[in-house]
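# Structural characterization, general
In case you want the letters, here they are:
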Amino acid sequence: MRARPWVALAGMVAAAAIAAGTAAMIFSPSASQSRSTGGHVVRAAERGSGRSASMVITDPYAAGSKLRRVEYHLRDGYTKKVIIPGGAYVAAEDIAICGTAGRHYPDNGFTGTGLPCKPALHAAEVFYHQHTGDRAGRFRPHRNIEVTETCHGHGGYLTFGHIDHGGLLSLEYYWANGEHLTVDLRGNALVDHIELITKGGRLTAVATRHR
């Protein structure tokens with residue numbers, strides 16, 4: 001009968017040990033630093049002036065993952081979806097002047113550069129300034145139209161043809177690890193260049209306007 005106080009004391013020690021272990025697990029630094037992927041939305045900050053703009057987007061939640069799809073939503077209702085089969089580690093996107101080199105395109109107001117108008121990946125960056133187009137877009141009245149194109153080629157630099165459908169309202173990125181990022185803009189700038197950063201930093205988007 002006198003052994004029971006010892007049993008009770010042992011039980012109290014065990015309970016304290018379990019409680020201490022639970023507390024250590026809850027406040028573990030490794031648990032607090034873990035990141036989960038999913039849907040994120042960021043509003044692009046804007047600076048400078050001009051009708052065109054370049055952007056820098058940082059998304060640490062996509063670190064080490066391949067980009068599978070991008071969607072561009074334009075002011076007049078036009079949406080372009082670019083599919084990247086197998087995915088790619090994309091460092092930059094250029095919405096570039098394309099078409100037959102030297103040929104003038106009166107509907108768009110530019111002269112062709114020789115760059116393919118369909119989406120393509122390149123080993124080195126290709127940049128042709130998008131200095132033409134109407135920020136309100138071509139569809140009057142507004143029309144909801146979606147176009148899906150498949151990307152070809154290899155490399156970390158994505159290009160596709162000039163989108164003459166007004167200012168960029170938003171972009172959506174889908175990475176292989178499940179990350180889905182939406183970037184919202186004011187919709188009154190012709191965005192022609194986007195740099196994608198997925199290593200370090202915090203979730204941000206900055207659009208710098210230029211002429």
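These numbers come from a predicted model, not from an experiment.

## So, the overall build of the chain
Along the backbone of the chain there are two helices and 16 strands. Considering only contacts in the chain between residues 6 or more positions apart, those separated by 24 or more positions represent 76%. Accessible surface for the chain amounts to roughly 11400 Å². Of this, 56% is attributable to carbon and sulfur atoms.

## Remarks on the nonpolar core
With 33 residues, the main nonpolar core has Met55, Ile57, Tyr72, Leu171, Tyr173, Val183 and Ile194 as its most contacted residues. Those elements that provide at least two residues to this core are β3 (52-58), β4 (67-74), β5 (78-88), β12 (157-161), β13 (168-175), β14 (180-184), β15 (190-197) and β16 (204-210). Among residues more than four places away in sequence, those in contact with Leu171 are Met55, Glu71, Tyr72, Leu181, Thr182, Val183, Leu185 and Ile194.

## Side note on the environment of Trp175
Secondary-structure assignment places Trp175 in strand β13. Sequence separation between Trp175 and Leu67 is 108 residues; the distance between their C-alpha atoms is 4.4 Å.

## Some points on the confidence of the model for the chain
Predicted coordinates in areas of low pLDDT are best not read in detail. Mean pLDDT over the chain works out to 80, with 75% of the residues at or above the 70 mark. Per-element confidence in the chain is highest for β14, whose mean pLDDT is 97, and lowest for helix α2 (residues 29-32), whose mean pLDDT is 26.

## Side note on the pattern of salt bridges
Inspection of the entire model under this criterion finds six salt bridges. Among the salt bridges present, the one from Arg186 reaches Glu46, with a minimum N-O distance of 3.5 Å. Of this pair, Arg186 sits in the loop between β14 and β15 while Glu46 sits in strand β2 (residues 45-48); the two residues are 140 residues apart in sequence, bridging distant segments of the chain. Two residues, Glu46 and Arg209, come together in a salt bridge whose shortest N-O distance is 3.1 Å. With a gap of 163 residues between them, Glu46 in strand β2 and Arg209 in strand β16 connect regions that are remote in the sequence. Here the salt bridges share partners, and the residues they tie into one network are Glu46, Arg186 and Arg209.

## With respect to the pairing of β12
In terms of burial, β12 is a largely internal element, four of the five residues being buried. In this sheet, β12 lies alongside strand β6 (residues 92-96) in parallel orientation, the contact comprising five bridges. Residue Glu93 lies in a different strand from β12, and its bridge partner there is Leu158. Looking at chain direction, strand β9 (residues 120-122) and β12 are connected through three bridges and run antiparallel. When the bridges of β12 are listed, Ala120 appears paired with Thr159.

## Focus on the state of the cysteines
Per the counting criterion, the structure on display carries one disulfide. One disulfide in the model links Cys98 with Cys117; its S-S distance is 2.0 Å. Where Cys98 bonds to Cys117 through sulfur, the torsion about that S-S bond is close to 95°, and the disulfide is right-handed. With a gap of 19 residues between them, Cys98 in the loop between β6 and β7 (104-105) and Cys117 in the loop between β8 (110-111) and β9 connect regions that are remote in the sequence.

## Considering the layout of surface pockets
A volume near 170 Å³ is recorded for the second largest pocket. Taken together, Ala62, Gly64, Ser65, Ala88, Tyr89, Val90, Ala91, Trp175, Leu196, Ile197, Thr198 and Lys199 form the lining of the second largest pocket. Looking at side-chain class alone, the lining of the second largest pocket contains eight nonpolar, three polar and one charged residues.

Thresholds applied
Residues numbered from 1 in each chain as written. Predicted model: local features only at pLDDT ≥ 70, side-chain atom pairs only at ≥ 80, totals over all residues. Heavy atoms only, no water. Helix = DSSP H or I, 4+ residues; strand = E, 2+ residues; numbered from the N terminus. Contact = heavy atoms within 4.5 Å. Areas by Shrake-Rupley, 256 points an atom, 1.4 Å probe, with all protein chains shown as cover. Core = buried A, V, L, I, M, F, W, Y, C linked by side-chain atoms within 4.5 Å. Buried < 20%, exposed > 50% of the residue type's maximum accessible area, 1.4 Å probe, protein only. pLDDT = per-residue confidence, 0-100. Salt bridge = Lys/Arg side-chain N within 4 Å of Asp/Glu carboxyl O. Pairing = 2+ DSSP bridges. Disulfide = S-S within 2.5 Å. 1 Å grid on protein atoms, 1.4 Å probe; cavity = no way out; pocket = protein on both sides within 12 Å on 5 of 7 lines; lining within 4 Å. Points joined across faces, edges and corners; volume = space filled by probe spheres on them. Nonpolar A, V, L, I, M, F, W, Y, C, P; charged D, E, K, R; others polar.

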